[in-house]
Amino acid sequence: MQEIELKFLVPESRLKGLMRQTHVKSSQVKQLAAHYYDTPDQQLAQAGIGLRIRKEGDTWVQTIKAGGDGIAARLEHNAVLDNEQVQTMLDNNELMPDLTIYQDTPIAAALADFKLKKLVKTLTRLYVTDVERTTRLLTESNEDETDNCIEMAYDQGEIIHGTDDSLRKAIQEIEFELVSGDLDFLFTTAKTWCKRYKLCLSTVTKAENGGLLINGQKHSPAVNANLSQLQIDKDSSAPAFIRAVVHNCLLQILSNSSAIVAGSIDDDHILQLRIGIDRLRTALKAFTDFSDEINPEWLPILKQTATLLSEYYQLAYINAQIEPELQACGAPAVDWTTDIEDIKITPINTLQANDFQITLLELIAFTMSDPSIEPQTDQLARDKLTKVLSKQYKKCLKTNKKADEVSDEVSVAELVSDDTNVSTDVADNDQPESDLLSQLKDLRYISEFSTPLLSKKKAKKKTKRWLKRLIKAQKALEQLNDDNQYQQFYELKSTTDANALYGAGWFTAILTVDQSHIDARLAKFADSSTFW
């Protein structure tokens, strides 16, 4: 069966109020003791598989979870075990899962890459969970006399290392699982609770948290864009295409936002989250007419979130990366910690905002909605993509030509907007016409999304070469833009700390270096024939 659920972290400030709503007369409380299994090198976890044996009340259940959409849906198989056999194995410290029960089940495909006999011999109990679960059913009657039903489960407890019970990780989360009925009821309910209790979406499973505990990590590494996970085919309709693209962006966004709302202050999580949002904004603007279900209110919220993340990231990056590099070259130390602490809205504050969390829920709901009921379902995406790409490509060439025409009077640096590392708009009215870096980023993302549908097998090398030249031109301008911003930060800082003059001068010197390599990369891009 497929499990569809949404998981949220609960902020301490709203915990008491939420507990009043979970612990009602109709709710049930269970103590869940679960044993999680994997190979010592966590081969199952790497394949996205979770395997456990859990005591649920008086019953022992073996559960495996695998596959799914990576966000809210997963394949799940539950098998009730014989209590006496389980107790005997527990007494002898021999409790192990039985993998033979998955033959001829939908889960079998997820285990196809493993040699089961060999896998069984290497399985070990890596960690256990001790959780108190409070459940409550939320129902709504439909006109067709069937009930919409959601199980709300609040879990509080801890994960315990399988061989060292002094190593533990706290669990405090709430889940909404669709038992029956419409998806809309699940998302409407989740949005109501999210608004009321400032819940934050998390895609981190208990199995993933257990793996982090085993590896001595607080959070999973930052997740980059992964276009191999973009699930589209040559005959994708326009509505199906934009849903697949949004889903691909959300895989990057949700993984990194989950780490940040759980407490991560890692620069890489912030950077990759911002990139994911940039990719999503580009897609929503470029492919806005591919679906009638795109909400125009998503874009300003995403833009504001990206801007706030950028403001924090820039200072954090200067403090963690730029400062050590300058000091290694003999620069006097500049303390940026106060500047960072003075930022009123930190990344976690930014992501905890209701409007951002509600937007994420609406985007997930959009990706899970049925594209075949839209009016444009008979329009193939590939028939519309060429026009989108050509329009953006011509826009880049026009801006690049303008840069060449004024090169004697205006430097390339002046043609790069101060906001280009935040914005990836296709056509923002508040962006200058000469925002070449922003336009190149947009073209890159649009091209990467479109390549699976437009790139011909015989022209793969041509497509790869074109994208490579585009990315080189974009990265060259991006570095120039970054250096320009670092110079401005140090210049401003020098008004209160004379030590910052070294950094300001350093980046001024870099910016005055001959930009011929940037011109060359832009020229190569402009001279390349397109792949569509």
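Rules behind the numbers
- In every chain, residue numbers begin from 1 and rise along the written sequence.
- The predicted origin of the model limits local features to residues at a pLDDT of at least 70 and limits the giving and counting of side-chain atom pairs to 80 or more, whereas totals for whole chains, interfaces and linings rest on all residues.
- Only heavy atoms go into the side-chain values, all of them from the structure, while hydrogens and water stay out.
- Secondary structure counts use DSSP, requiring at least four H or I residues in a row for a helix and at least two E residues in a row for a strand, with both numbered from the N terminus.
- As defined in this context, the radius of gyration uses C-alpha atoms, and a globule is described by 2.2 Å times the residue total to the power 0.38.
- Residues are treated as being in contact if the distance between any of their heavy atoms lies within 4.5 Å.
- The Shrake-Rupley method, run with a 1.4 Å probe sphere, supplies the accessible areas, and residue values consider only the shown protein chains as cover.
- Interaxial angle, 0 to 180 degrees, is taken between N-to-C directions of lines fitted to C-alpha atoms, where a helix line uses only the stretch in contact.
- A crossing counts as left-handed when the near helix is turned anticlockwise from the far one by less than a right angle, and as right-handed when that turn is clockwise.
- Only Asp, Glu, Lys and Arg are considered charged in this grouping, and only Ala, Val, Leu, Ile, Met, Phe, Trp, Tyr, Cys and Pro are considered nonpolar; every other residue, Gly among them, is considered polar.
- Using protein atoms alone on a 1 Å grid, points that fit a 1.4 Å probe yet trap it form a cavity, whereas open point sets bounded by protein on both sides within 12 Å along at least five of seven lines form a pocket; residues with an atom within 4 Å of a point count as lining.
- Grid points are joined across faces, edges and corners, and a volume is the space filled by probe spheres set on the points.
- Relative accessible area decides the class of each residue, using a 1.4 Å probe on protein chains only: under 20% of the type maximum gives buried, over 50% gives exposed, and in between gives partly exposed.
- A 3.5 Å cut-off defines polar contacts: any pair of N or O atoms within that distance qualifies, except that in protein one atom must be a possible hydrogen donor and the other a possible acceptor, and neighbouring residues in sequence count only when both atoms are side-chain atoms.
- When DSSP finds at least two bridges between two strands, those strands are taken to pair.
- Each patch groups residues whose relative accessible area exceeds 30% and which form no salt bridge, using 9 Å between like charges and 5 Å between nonpolar side chains of Val, Leu, Ile, Met, Phe, Trp and Tyr.
- We define a salt bridge as a contact between a side-chain nitrogen of Lys or Arg and a carboxyl oxygen of Asp or Glu at a distance within 4 Å.
- By the counting scheme adopted, Arg and Lys are positive, Glu and Asp are negative, and His together with the chain ends is not counted.
- A charge is said to be at NZ when it belongs to Lys, at CZ for Arg, at CG for Asp and at CD for Glu.
- In plain words, nonpolar cores are sets of buried Ala, Val, Leu, Ile, Met, Phe, Trp, Tyr and Cys residues tied together by side-chain atoms within 4.5 Å.
- In summary, the pairing rule links any two rings of Phe, Tyr or Trp, Trp by its six-membered ring, whose centres are within 6.5 Å, and it sorts them by plane angle into stacked for under 30 degrees, edge-to-face for over 60 and tilted for everything else.
- Each ring is checked for a lysine NZ or an arginine CZ that lies within 6 Å of its centre and within 35 degrees of its normal; such an atom marks a charge sitting over the ring.
- Orientation categories follow fixed angle ranges, with anything under 35 degrees roughly parallel, anything over 145 roughly antiparallel, 65 to 115 roughly perpendicular, and all other angles oblique.

Caption draft 1: Looking closely at the overall build of the protein. Looking only at helices and strands, one finds 17 helices and nine strands in the protein. Against the 2.2 N^0.38 benchmark of 24 Å for 532 residues, the protein shows a C-alpha radius of gyration of 26 Å, consistent with a compact globule. Considered along the principal axes of its C-alpha atoms, the protein spans approximately 85 × 60 × 50 Å. The contacts of the protein with a sequence gap of at least 6 include a subset with a gap of at least 24, amounting to 74%. Summed over all atoms, the accessible surface of the protein reaches about 25,700 Å², with 49% contributed by carbon and sulfur.

Caption draft 2: Summary view of the packing of helix α7 (residues 238–261) against helix α12 (residues 354–368). Running from N to C, α7 and α12 point in directions that differ by 145°, and their axes come no closer than 9 Å. Here α7 runs over α12; the crossing is left-handed. Along the contact surface, α7 presents Ile242, Arg243, Val246, His247, Leu250, Ile253, Leu254, Ser257 and Val261, while α12 presents Gln357, Leu360, Leu363, Ile364, Phe366 and Thr367. For the contact of α7 with α12, a count of residues per class yields ten nonpolar, four polar and one charged.

Caption draft 3: Quick peek at the layout of surface pockets. Roughly 580 Å³ of volume is contained in the second largest pocket. If you trace the second largest pocket, you find 25 residues lining it, with Leu271, Gln272, Arg274, Ile275 and Glu478 closest to the centre. When contributions to the lining of the second largest pocket are tallied by element, the ones reaching two or more residues are α8 (267–286), α9 (298–328), α14 (436–454) and α15 (460–493). Counting residues per element, the lining of the second largest pocket draws most heavily on α15, which supplies seven residues. Partitioning the lining of the second largest pocket into residue classes produces eight nonpolar, eight polar and nine charged.

Caption draft 4: View of the environment of Gln485. Structurally, Gln485 is set in helix α15. Of the residues examined, Gln485 reaches a relative accessible area of 8% and is grouped as buried. Taking C-alpha positions, Gln485 is 8.7 Å from Gln314, a pair spaced 171 residues apart along the chain. A polar contact of 2.6 Å, which involves the side chain of Gln485, links it to the side chain of Gln314.

Caption draft 5: Representation of the pairing of strand β6 (residues 124–141) within the structure. Where strand β2 (residues 28–38) lies against β6, eleven bridges are found, and the strand directions are antiparallel. Its bridge partner lying in β6, His35 is registered against Val128.

Caption draft 6: The arrangement of a positive patch on the surface in detail. Taken together, the side chains of Lys464, Lys468, Lys472, Arg521 and Lys524 define a basic patch exposed on the protein surface. Listed by contribution, the elements that provide at least two residues to the positive patch are α15 and α17 (516–527). When residues in the positive patch are grouped by element, the largest group, three residues, is from α15.

Caption draft 7: Layout of the environment of Leu18. As for its placement among the helices and strands, Leu18 is situated in helix α1 (residues 15–22). For the pair Leu18 and Tyr154, spaced 136 residues apart in sequence, the C-alpha to C-alpha distance is 9.3 Å. Sequence-distant contacts of Leu18, defined by excluding residues within four places in its chain, comprise Val10, Tyr154, Ile174, Trp193, Tyr197 and Leu199.

Caption draft 8: Examining the pattern of salt bridges more closely. One pass over the structure, following the stated rule, counts 18 salt bridges. A salt bridge links Asp155 to Lys206, with the nearest nitrogen and oxygen atoms 2.8 Å apart. Linking Asp155 in strand β7 (residues 147–161) with Lys206 in helix α6 (residues 206–215), this pair joins segments that are 51 residues apart in sequence. Classification of Lys206 as buried rests on a relative accessible area of 10%. We note a salt bridge from Asp339 to Lys493, for which the minimum N-O separation is 2.6 Å. Of this pair, Asp339 sits in helix α10 (residues 337–341) while Lys493 sits in helix α15, and the two are 154 residues apart along the sequence.

Caption draft 9: Expanded view of the pairing of strand β8 (residues 168–180). Direction of pairing for strand β1 (residues 2–9) relative to β8: antiparallel, over a ladder of five bridges. Its bridge partner lying in β8, Leu9 is registered against Glu173. Where β7 meets β8, twelve bridges bridge the pair, whose relative direction is antiparallel. Within β8, the residue paired with Tyr154 across the bridge is Ile174.

Caption draft 10: Fine view of the nonpolar core. Counting 110 residues, the largest nonpolar core has Phe8, Ile174, Phe176, Leu199, Phe241, Phe287 and Tyr490 as the members making the most contacts within it. A per-element tally of this core places α7 first, with 13 residues. The residues contacting Ile174, other than those within four sequence positions of it, are Leu6, Lys7, Phe8, Val10, Leu18, Thr22, Met152, Ala153, Tyr154, Trp193 and Leu199. Val86, Tyr102, Leu111 and Leu123 belong to the second-largest nonpolar core, a separate cluster that totals 17 residues.

Caption draft 11: Quick peek at the packing of aromatic side chains. Taken as a whole and assessed by the stated rule, the structure comprises 22 aromatic pairs. Judged by centre distance (5.1 Å) and plane angle (90°), the rings of Phe531 and Trp532 are edge-to-face. The ring of Trp336 has Lys493 lying over it, and the distance from NZ or CZ to the ring centre is 5.2 Å.

Caption draft 12: Up close: the packing of helix α5 (residues 183–197) against α12. Packing of α5 against α12 leaves a shortest axis separation of 10 Å and a crossing angle of 175°. Relative to α12, α5 is oriented roughly antiparallel. Touching Leu183, Phe187, Ala190, Lys191, Cys194 and Lys195 of α5 are Asn354, Gln357, Ile358, Leu361, Glu362, Ile364, Ala365 and Met368, all from α12. Considering only residue class, the contact of α5 with α12 consists of nine nonpolar, two polar and three charged.

Caption draft 13: Representation of the side chain of Asp483 within the structure. Here Asp483 shows up in helix α15. No salt bridge forms around the buried Asp483; measuring N to O, its nearest opposite-charge neighbour Arg521 is 12 Å away. Once you skip the residues sitting within four places of it in the chain, Asp483 turns out to touch Phe507, Ile510 and Leu511.

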